[in-house]
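Single-letter residue listing:
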Amino acid sequence: MRTLTMAVVLCMALAITGVAGSMGSLAFAQKPGGTLTIARPTDAVSLDPQQETTAPGTWVYQLILEPLLVLDTHMKVQPKLATSWKVLSPTRTRFFLRKGVRFHDGTPVNAEAVKFTYDRAFNPTSPGRWASLAGPIARVDVVDDSTVDIVTSKSYGPILNSVAMPYAGIVSPTAVQKMGTQFSRAPVGTGPFKFEEWRSNNRISIVRDPQYWGQKAYLDKIVFRVIPEESARTIALQTGEVDFVLQPAPTALPTFARDKRFKVDSVPGLRIVSIGMNLSLPPMNDVRVRRAIIHAVNRHSIFQSLLGDTVIDARGVLAPDIFGFADMQLDKLYPYDKAKAKDLLREAGYTPGPDGIMQRGGQPLTLKHISGRGRVPKDAEIGEAVQAQLREVGIDVKYEVQEWGRVFSLLKAATLGYHLFTTHWGVPTGDSDFGLFPVFDSKQLPPPGWNTARYSNPRVDKALEEAQASIDPAKRKELYAEAQRLIAQDLPEIPIYNTRENFVYAAYVKGFVPHPSEYTLLVHGVWLQK
Amino acid sequence: MARFVLRRVAATLPVLLGIVFLVMALLEFIPGDPAALMLGDAATPQAVAALRHQIGLDRPLVIRYAYYVSRLAVGNLGSSIRENRPVAAELRDTLPATFQLGVAALAIAVVGGVTLGGISAARRNTALDNLIRVASLVGISMPIFWTGLVLIIVFSLWLRLLPPGGIGTLSHLILPAVTLAAPSLALVARMARSAVLEVLGEDYVRTAHSKGADPTRVLFRHAVRNALIPVVTVVGLQAGQLLGGTVITETVFAWPGMGRMIVNAIFSRDFVLLQGGILVLAVIALGINLLVDLTYAYLDPRISYA
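All values reported here derive from a predicted model rather than from experimental measurement. (Residues numbered from 1 in each chain as written. Chains lettered and ligands numbered in written order. Predicted model: local features only at pLDDT ≥ 70, side-chain atom pairs only at ≥ 80, totals over all residues. Heavy atoms only, no water.)

Student: Any chance you could break down the overall build of chain A for me, citing the residues and the numbers?
Tutor: When helices and strands are tallied, chain A shows 16 helices and 22 strands. Taken over the C-alpha trace, chain A has a radius of gyration of 27 Å; the compact-globule value for 530 residues is 24 Å, and the two agree within 12%. Taken over the C-alpha atoms alone, chain A extends approximately 110 × 55 × 50 Å along its principal axes. The long-range fraction of contacts in chain A, counting pairs at least 24 apart against all pairs at least 6 apart in sequence, stands at 68%. Entry remark: accessible area of chain A is about 21,500 Å², with carbon and sulfur atoms responsible for 55%. Distance from the positive charge centre (61 side chains) to the negative charge centre (52 side chains) of chain A: 3 Å. (Helix = DSSP H or I, 4+ residues; strand = E, 2+ residues; numbered from the N terminus. Rg over C-alpha atoms; globule rule 2.2 N^0.38 Å. Contact = heavy atoms within 4.5 Å. Areas by Shrake-Rupley, 256 points an atom, 1.4 Å probe, with all protein chains shown as cover. Lys, Arg positive; Asp, Glu negative; His and termini not counted. Charge placed at Lys NZ, Arg CZ, Asp CG, Glu CD.)

Student: Give a description of the packing of helix α5 (residues 87–122) of chain B against helix α11 (residues 258–267) of chain B that names residues and reports values.
Tutor: Residue and element names in this part refer to chain B. Interhelical geometry of α5 versus α11 gives an angle of 130° and a closest axis separation of 7 Å. If you check the angle between α5 and α11, you find them oblique. Contacts between α5 and α11 involve E90, L91, T94, L95 and T98 from the former and M258, G259 and M261 from the latter. Residue composition of the contact of α5 with α11, grouped by class: 4 nonpolar, 3 polar and 1 charged. (Axes fitted to C-alpha atoms, helices over the stretch in contact; angles between N-to-C directions. Parallel < 35°, antiparallel > 145°, perpendicular 65-115°, else oblique. Nonpolar A, V, L, I, M, F, W, Y, C, P; charged D, E, K, R; others polar.)

Student: Please provide a residue-by-residue account of the sheet that holds strand β14 (residues 351–352) of chain A, values included.
Tutor: Residue and element names in this part refer to chain A. Pairing within the open sheet is antiparallel, and its 3 strands lie in the order β14-β15-β16. The open sheet is flanked by β14 and β16 (363–364), the only strands paired with a single partner. Relative to strand β15 (residues 358–360), β14 runs antiparallel, the two being bridged by 2 bridges. Bridge assignment links T351 to a residue of β15, and that residue is Q359. (Pairing = 2+ DSSP bridges.)

Student: An account of a nonpolar patch on the surface is needed here, citing residue identities and associated values.
Tutor: Residues and elements named next belong to chain B. There is a patch of nonpolar side chains on the surface, built from I108, L170, I174 and V178 and spanning about 330 Å² of accessible area. Top element by residues in the nonpolar patch is helix α8 (residues 170–200). It accounts for 3 residues. Take I108: it is sitting in helix α5. (Patch = residues over 30% accessible without salt bridge, like charges linked within 9 Å, V, L, I, M, F, W, Y side chains within 5 Å. Salt bridge = Lys/Arg side-chain N within 4 Å of Asp/Glu carboxyl O.)

Student: Pulling in residues and values, what's your account of a positive patch on the surface?
Tutor: Residues and elements named next belong to chain B. A cluster of basic residues, K211, R217, R221 and R225, forms a positive patch at the surface. When residues of the positive patch are assigned to their parent elements, the largest contribution, 3 residues, is made by helix α10 (residues 215–252). Tracing the chain through its elements places K211 in helix α9 (residues 203–211). Judged by its relative accessible area of 71%, K211 is exposed. (Buried < 20%, exposed > 50% of the residue type's maximum accessible area, 1.4 Å probe, protein only.)

Student: So what's going on with helix α1 (residues 2–29) of chain B? Which residues, and what values?
Tutor: All names here are of chain B. Its 28 residues place the ends of α1 42 Å apart at the C-alpha level, agreeing with the 40 Å of an ideal helix rising 1.5 Å per residue. Buried within α1 we find F4, L16, V20, V23, M24, A25 and L27. Contacts from the buried residues of α1 go to α4 (61–73) and α12 (271–299). (Expected span 1.5 Å × (residues − 1).)

Printed below as a string of structure tokens:
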């Protein structure tokens, strides 16, 4: 009898411990409910990828519209509305759709909806804003209700990255046809959140979809607020008006990092800021002058003093997470060395003039540099630092800072009257094709193209064009490595820094994962530990 | 009087048409192609050309002007080329916010300025007078964004009394309205002070005092009312300044108004939206001028618009 009582007591004790233990772990489990308020500098132009490819729009509509594939935090392709795919030929890839998914308006997601989305975007008379970023996609063929083929007009290696772009979300055909232009103000998709309300230049709110096919969100609601002034954004976080700040003032980050009530999160981004050189304007066509410039510029000190830890060193013309990235070994090839810079200039036929400025044939070495202001962090200030450093080796820089609209039209013109220009290039596809081809292929000259440096190397062209057409990832990597090696030798531009995506938010915001792409904000898994 | 008002309203029409033409002509000369800017980095030249044709940029200026005015005549302000949304809808969203801010700031500037100026004049050369004069100097000199940020830091961050930005309740309106009003308030206070002082030296005021009338009654019933005439002039001019100041105030306080909308339209070269916004501002400015002239007639019996 006593044994039985002991056994019962033991079982009860175990049961109570078990319950207590699980209650303890509940305290760290995800708490459902609550509203996350996010502050950002500008409002979206539209919530329809057809018209909007800038970050303020993608941050919101990526939670509402989902593409067939997505790029994860390591920039690897993952299934989303497509569960698997098969490359049938260099121009045809088959995607198998997830079954049983419905749009927020109840209509089913099927091959027709995918075809509708792509036809709409690649309509030749009124293409969507992202069509030119996606490569040579010709059409979508419906194979059966849950299978589509995406067909390209020529062999295209990075097809999966194009399909995974944040702009390629599948839209509800019923909603688009019913709402017309209003769809861009209230999109209907398959995402973990549904659109609720948009007050222009003020706030956009989205609510949890309880019928979501995947891991349902914990938050009830997310509100995206517009606060243009940088310091006002961070003050709003400190007073509790907002829970999360996008594009925080870099100078405020160290203060927040020390404060236990807040968390600073960051991840290396995909955008490189560099000083481009116009190879069509002498003396920039002389590689010795270009190399002299990079030897004379202390790249690390420039961005360290201006931006601190809010950016990282550029290891080449591409960011490390981009498929096909190769480290250009710039520090080894071109260490900061003023004496070497002067030697190279002397080799190029320059001698120091009476005022210290290098001259050749009676002409001083004067270069014109154009930059925008505020387009990327500290763009205008970098030019000033470079001007001062080049002066030390006898190069006179005439530096101009103009409003971005003007700089854009100058850089896109058929001829460029500047030797140097501050530029940047981001890669929304996460693939070297978009990172290198539009900028370094000799046929991509402005006005249509972005080879603003007017760089031309037939071996680079060959490598880039072959890599674009190849569907063999190993071969593509090899070709891109070769191209980047040649670009490092020719040096059409000097990379200064690699952006970092910086976020600061209240400590009770849990479950946020920073993503390298500046267009993607992974807040759907967030919960509030309040 | 009614005929005067009607004549003035009729006269605004050619002024507005002239303003529209001036804005369109200026935009011709500003560098930057709206279509290329809108389509962004990777647009093809065919896409840019198609968009240019769609928004009518390939037509000469005079044709575009005629087209715009003819649509304006039937009340169509066009569509924002960036957002593809009717300009009227954008204005409907933003105008009430700016109007609210502007009226609040004007009220604070006028009431506060006249009161402080009157007190300053009545207590001339005392410590209070000097304090008000120094405060006016600070108010006129400090730029709006500085005043705004300082007020946010003091009242939102340190004292947690008011929200740091956004729109919604009365407490959201206080800081932006005070910030916007500050320079105008200072100016009105100074003007009111000198105007009241001048009037207080007049014979009829001395007569009233020697009659034994209550000094406060003298101050307000006689002195201030007559001193208001030059003050009204200043207020009329300040109204224009306030409209301009809303841009900065709206940016600092995240106030979703028309000022910010217009600046964004300039940066993206959205000329249709910009023209709509400037047209509204012009109408408001002309309306204020009319109101100022009518106020003169009310204040000064010598003036009549027959």
